[in-house]
Amino acid sequence: MKNSWSKEGLSTAEVEVQKAAGHINQMSKQRQNTYWLIIKRNVFTLFNLLNLFIVIALLAVKAWSETIFFSVIIINAFSGILVEIRAKRMIDRLNLISQDQVTVIRNAQTEKLSPKQLVLGDLIVLSTGDQVPSDAKVVSGFAELNEAMLTGESDLVPKTVDNEILAGSFLISGHIQAIVQKVGDDNYASKLMIEAKKDKSGGSRIIQSLDRVASFTGKIIIPFGIGLLLEALYLRYLPTKIAVIYTSTPLLGMLPKGIALLTITALLTAVIKLGRKRVLVQEMYSVETLAHVDTLCLDKTGTITEGKMRLERVTPLNDTSLELFEDYLSTYITASEDNNPTARAIRQVYGKDTKYNNIISSIPFSSQRKWGAISFANIGSLYLGAPDLLINTHPKALLEAQEQGARTLVLCLSQKPLQTKSKSPASDLVPLGLLMISDPIRKGVTSTLDYLKSQDVDLRIISGDNPITVSNIAKKAGFDNYQSYIDCSTLSETDLSAKIPETTIFGRVSPEQKRQIIRELKEQEHTVAMTGDGVNDILALREADCSIAMAEGDPATRQVANLVLLDSDFNDVPEILFEGRRVVNNIARVAPIFLVKTVYSFTLALLCLISPLFSDVLIFPFTPLQVTIVDQFMEGLPPFLLSFEKNNKLVEKDFLQLSVLKAIPSGLLITVGLLFSRIAGHYGSWSLPEQSALSYYILGLVTLLSVLRASLPLNFWRSLLLFSWSFLGFVLSAYYFSPFLQIKVTNRIFPPLIIFIMIASLIFFGTDKWLKKHVTS
């Protein structure tokens, strides 16, 4: 980068040197999500790998019909890939820099180039309406820039010679020439985009819990499979095809595939339901994540408030008449070119021509200076800005306005000429009056906040506004701990870190500080959601576990958010929370039904492996067809329908632990049932098909107990479903398809079956009651 500059711009040779050095204004694609990473994350998992090994073994022995289960694995992987690709494409479209051509001076000639063609040291020419294409330094001219896209502050910032300008900001007025100082990834806007486009691999916590089951199973499934296969081939002398089928059945049972498919189905249903309620879900798994949220960080403007500035009232000071004050205010706002929300609110009331219109000079309002001024030939200089910077005393009216959460400005008069390059106001300012600007509290927000608090959601406000103003607005909205606020502009990264646990309201927060707050809350093991509507919220939104954007906000913000409120109404958040809880709670409710098979498959497989040490060799007692029929009536329709029911309870912390504990009694009872059927068959001289029939009925009816528990409390529709589909469907299919199921139903199997089911029911529901008392309490 050159320290000096030439009005002729870079020469062709100098441009080539910069290009050769890689100093071109193009973003790299490093650290971004790729299609390969998406495919790898969804396909090459331990869960899928274990199922693939089993299907390969079945295909090797031409057991074609037994490989239908793998369709579930394919659907799961395909759904996950589609969801992530959709999210990737939205993130890839994120671009804070316009691709409109830029005026550049090279070889003393003016030409139009794409922003991507700029190189370090280029001399660019910018006029009103242009967007700054790259971080640069002004070398001539004067302009006013709106940096709201990057900083969140909508006030105009004056820029003159030697001032830095940031890529992504817009020229509201003026004309400047500037030397490009940073290109590509080094630009401030590019850094925001790179951070926003970083791979944020998320997913379903339920499916992640299943991966933990697969991780455990993966450590035992290969030795178990080899042992069971060798027993079947060399101790029971079964044909290879039959041996592989009987070996694959317990191994498949250890992998709970049904929960993954049911989870994706339930989430897709939630996406559709929320879409009908004007909530756009851009990442399916975010619905589930929101159900776990215990900390919600809110932006003030557009969330708690309507984001629409309004002039509430004016109060004259120092014996100034209301008529004179309003005349001066109208004079100032009519002459001012400020176009920030505050100026627009004043202009709606006082924006009219006056007799004082002979303007000498002006200083636009800026967020850094906190005041603006205009000098008139016939009255002097009028200053409008923050009272803290323009007056020494705080009148009672000012304190009252601040207590009400209103933004307060003061209009002052000076007889001294306006010094446009001065950073300080004149010393002879006379206060003429106060202006109270309010941003109305959003209707219904108090009840929404109260509901979230009742659900143990910790609420924080992160805003770029004055912390005192934010605190008073929070008070009006019914926010707890509204007195707990800090001004982040005065804090270092370390100091802010120390304040995060104990602070409720963060004011004057930079984009980087917003991200720091979210990140550290997550490190404290909170599940954090964030609402926002501006580009300055992008880093925080991407860092949050679940991000929510307003449709009225910046397009870039909508692109990176997990959910978009199409009506821009914060009061829709509880509805999203309800949907997330419905999915998670109902999946947790029915998960033990699926995990029963995992438990009995493991225990029976273990029993079969050690059986040669004590007695005759046991072969896994169920065929794939038998397990499939039971799954049809127990794991099919009932859990699917139960997943649609309303369930707004707080989400349990450890989904997997509780589900496994509930599944263990049923799984162990089925294992005991196998031994029971062998004993009953031995002493009753039953045939093998009769023993298989008793084992099969025990399998189905004990699994039915798990379905019954998930359906409690029973109502008419649940009772009808259980009786007509689960019970009658299972019993009738067992009777009429007994030849295909390799069982023989006789009258003498029913007395021991009834005795076993009665004892099993007492054990089952007694254990369930104990779990509810000692584990879920």
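For the structure itself, look to the data block above.
In this text the structure is predicted, and so the values were computed from the model without any measurement. Here the residue index of a chain counts from 1 through its sequence in written order. Residue-level local features of this predicted model are given only where pLDDT is at least 70; pairs of side-chain atoms are given and counted only at 80 or more, and the full residue set underlies all totals for whole chains, interfaces and linings. Water and hydrogen atoms play no part in the side-chain values, which are based on all heavy atoms of the structure.

1. Quick word on the overall build of the chain
As a reminder of what qualifies: The way it works is that DSSP assigns letters per residue, a run of H or I at least four long becomes a helix, a run of E at least two long becomes a strand, and they are numbered from the N terminus. Think of it in three bands: residues with accessible area under 20% of the maximum for their type are buried, residues over 50% are exposed, and the middle band is partly exposed, with areas taken using a 1.4 Å probe on protein chains only. Two residues qualify as a contact provided that any one of their heavy atoms is within 4.5 Å of a heavy atom in the partner residue. The accessible surface values rely on the Shrake-Rupley method and a 1.4 Å probe; as for residues, cover is taken only from the protein chains in view.
Counting its secondary structure elements, the chain contains 28 helices and 21 strands. In the chain, which comprises 777 residues, the proportion classed as buried is 54%. Look at the contacts in the chain between residues 6 or more apart in sequence, and 71% of them connect residues 24 or more apart. Accessible area of the chain: about 34600 Å², with a carbon and sulfur share of 57%.

2. Re empty space enclosed by the protein
Rules: A cavity here means a set of 1 Å grid points, computed over protein atoms only, where a 1.4 Å probe fits but cannot escape. A pocket is an open set with protein on both sides within 12 Å along at least 5 of 7 lines, and lining residues have an atom within 4 Å of a point. Grid points are joined across faces, edges and corners, and a volume is the space filled by probe spheres set on the points.
Counted according to the given criterion, the structure contains 7 cavities of 30 Å³ or more. The space that makes up the largest cavity amounts to roughly 80 Å³. Considering the residues around the largest cavity, the lining is formed by Y332, I333, S336, D338, N340, T342, A343, I346, F365, L384, R407 and L409. Elements with a contribution of two residues or more to the lining of the largest cavity: α12 (322–335), α13 (341–350) and β14 (407–414).

3. What about the nonpolar core?
So the rule is basically this: In plain words, nonpolar cores are sets of buried Ala, Val, Leu, Ile, Met, Phe, Trp, Tyr and Cys residues tied together by side-chain atoms within 4.5 Å.
The biggest cluster of nonpolar side chains holds 92 residues, and the ones touching the most others in it are L452, F570 and Y600. Looking at this core, the element that brings in the most residues is helix α22 (residues 573–610), giving 14 residues. Each residue touching Y600, except ones within four places of it in the same chain, is listed here: A605, F620, F622, V627, G667, I670, T671 and L699. Judged by nonpolar contacts, the second largest core, of 22 residues, contains L58, I73, V244 and M254.

4. Things to note about a nonpolar patch on the surface
Heads up, the rule is: Any residue with relative accessible area above 30% and no salt bridge may belong to a patch, with like charges joined within 9 Å and the nonpolar Val, Leu, Ile, Met, Phe, Trp and Tyr side chains within 5 Å. Any Lys or Arg side-chain nitrogen found within 4 Å of a carboxyl oxygen on Asp or Glu counts as a salt bridge.
Taken together, the side chains of L46, L49, L52, F53, I56, I222, I226, L230 and Y234 make up a nonpolar region of the molecular surface, amounting to roughly 830 Å² of accessible area. Secondary-structure elements contributing two or more residues to the nonpolar patch are α3 (46–60) and α7 (205–235). One can find Y234 in helix α7.

5. Quick notes on the packing of α22 against helix α23 (residues 624–642)
Just so we agree on the cut-off: Angles shown run from 0 to 180 degrees and are taken between the N-to-C directions of axes, each axis being a line fitted to C-alpha atoms and, for helices, limited to the stretch in contact. Each angle is binned into one of four classes, with values under 35 degrees roughly parallel, values over 145 roughly antiparallel, values of 65 to 115 roughly perpendicular, and all other values oblique.
The geometry of α22 relative to α23 is characterised by a closest axis approach of 9 Å and an angle of 170 degrees between their N-to-C directions. In terms of their interaxial angle, α22 and α23 are classed as roughly antiparallel. Residues N586, R589, V590, I593, F594, K597 and Y600 of α22 form the contact with α23, whose participating residues are V627, D631, M634, E635, P639 and L642.

6. A look at the sheet that holds β14
Just so we agree on the cut-off: Two strands are said to pair when DSSP picks up at least two bridges between them.
Read from one edge to the other, the open sheet built from 6 strands follows the order β10-β15-β14-β13-β12-β11, with strand pairing classed as antiparallel. Single-partner strands in this sheet number two, and they are β10 (310–316) and β11 (359–363). Put simply, the sheet's adjacent strands are angled 15 degrees from each other on average, direction ignored. Where β10 lies against strand β15 (residues 430–438), 6 bridges are found, and the strand directions are antiparallel. Among the inter-strand pairings, T315 is bridged to a residue of β15, identified as L434. Packing of α12 onto the sheet brings it into contact with β10, β11, β12 (371–376), β13 (380–385), β14 and β15, and relative to β12 it is tilted by some 100 degrees. In the packing of α13 onto the sheet, contacts are made with β10, β13, β14 and β15, and the angle to β10 comes to roughly 70 degrees.

7. What about the packing of aromatic side chains?
How we decide: Any Phe, Tyr or Trp ring, taking Trp's six-membered ring, that has another such ring centre within 6.5 Å forms a pair; planes under 30 degrees apart are called stacked, those over 60 apart edge-to-face, and the others tilted.
Applying the stated criterion to the full structure yields 15 aromatic pairs. The interplanar angle of 75 degrees and the centroid separation of 6.0 Å between the aromatic rings of Y600 and F622 together place this pair among those described as edge-to-face. Placement of the pair is Y600 in helix α22 and F622 in the loop between α22 and α23, with a sequence separation of 22 residues. Centroid distance F633 to W725: 5.2 Å. Interplanar angle 50 degrees. Geometry classified as tilted. Within this pair, whereas F633 is found in helix α23, its partner W725 is found in helix α26 (residues 716–736), the two being separated by 92 residues in sequence. Under the relative-accessibility criterion, F633 is labelled buried at 11%. On the basis of relative accessible area, W725 is assigned to the partly exposed category, the value being 27%. Through a chain of ring-to-ring contacts, three or more aromatic side chains come together here, namely Y696, Y697, F730 and F750.

8. Digging into the packing of helix α24 (residues 655–684) against helix α25 (residues 688–711)
Keep this limit in mind: The handedness criterion is simple: a crossing whose near helix is rotated anticlockwise from the far helix by less than a right angle is left-handed, and one whose near helix is rotated clockwise is right-handed. As a working rule, the residues Ala, Val, Leu, Ile, Met, Phe, Trp, Tyr, Cys and Pro are called nonpolar, Asp, Glu, Lys and Arg charged, and the rest polar, with Gly in that last group.
The contact between α24 and α25 brings their axes to 9 Å, and the two run at 160 degrees. The angle between the axes of α24 and α25 places the two elements in the roughly antiparallel class. In the crossing of α24 with α25, the sense of the turn from one axis to the other is right-handed. On α25, the residues that touch K662, A663, S666, L669, I670, G673, L674, F676, S677, R678, A680 and G681 of α24 are Q691, L694, S695, I698, L699, V702, T703, S706 and R709. Class assignment of the residues belonging to the contact of α24 with α25 gives a composition of 10 nonpolar, 8 polar and 3 charged.

9. Side note on helix α17 (residues 467–476)
Helical geometry note: an α-helix holds 3.6 residues per turn, so side chains three or four residues apart project in the same direction. Along α17, 7 of the 10 residues are buried, which leaves the element largely enclosed by surrounding structure. For α17, the set of buried residues is P467, T469, V470, S471, N472, I473 and A474. Just beyond α17, the residue with positive phi is G478, at close to 85 degrees.

10. So, the sheet that holds strand β19 (residues 528–532)
Strand order in the open sheet formed by 8 strands is β8-β21-β20-β19-β9-β16-β18-β17, with mixed pairing between adjacent strands. Two strands close off the open sheet at either side, each with one partner strand: β8 (279–281) and β17 (485–487). Going across the sheet, the axis of each strand differs from the next one's by a mean of 20 degrees, ignoring polarity. Here 3 bridges tie β17 to strand β18 (residues 505–507), and the two strands are oriented parallel to one another. Opposite D487, over in β18, you have G507 as the bridge partner.

11. Focus on the pattern of salt bridges
Taken as a whole, this structure holds 17 salt bridges when the rule is applied. The partner of R278 in a salt bridge is D567, with the nearest N and O atoms 3.2 Å apart. Residue R278 is found in the loop between α9 (257–276) and β8, and its partner D567 is found in the loop between β21 (563–565) and α22; the two are separated by 289 residues along the sequence. Across the pair R310 and E312 runs a salt bridge whose closest N-O atoms are separated by 3.2 Å. Overall, the relative accessible area of 43% leaves R310 in the partly exposed class. When salt bridges that share partners are traced, they join K273, E579 and R582 into one network.

12. A word on unusual backbone geometry
In this chain, L712 is followed by P713 through a cis amide linkage whose omega measures -5 degrees. By secondary structure assignment, the location of P713 is in the loop between α25 and α26. Positive phi values are uncommon outside glycine, yet N107 reaches one of about 55 degrees. Looking at the secondary structure, you find N107 in the loop between β1 (102–106) and β2 (109–113). For R278, which is not a glycine, the phi torsion comes out positive at approximately 70 degrees. Residue class for R278 comes out partly exposed when judged on its relative accessible area of 41%.

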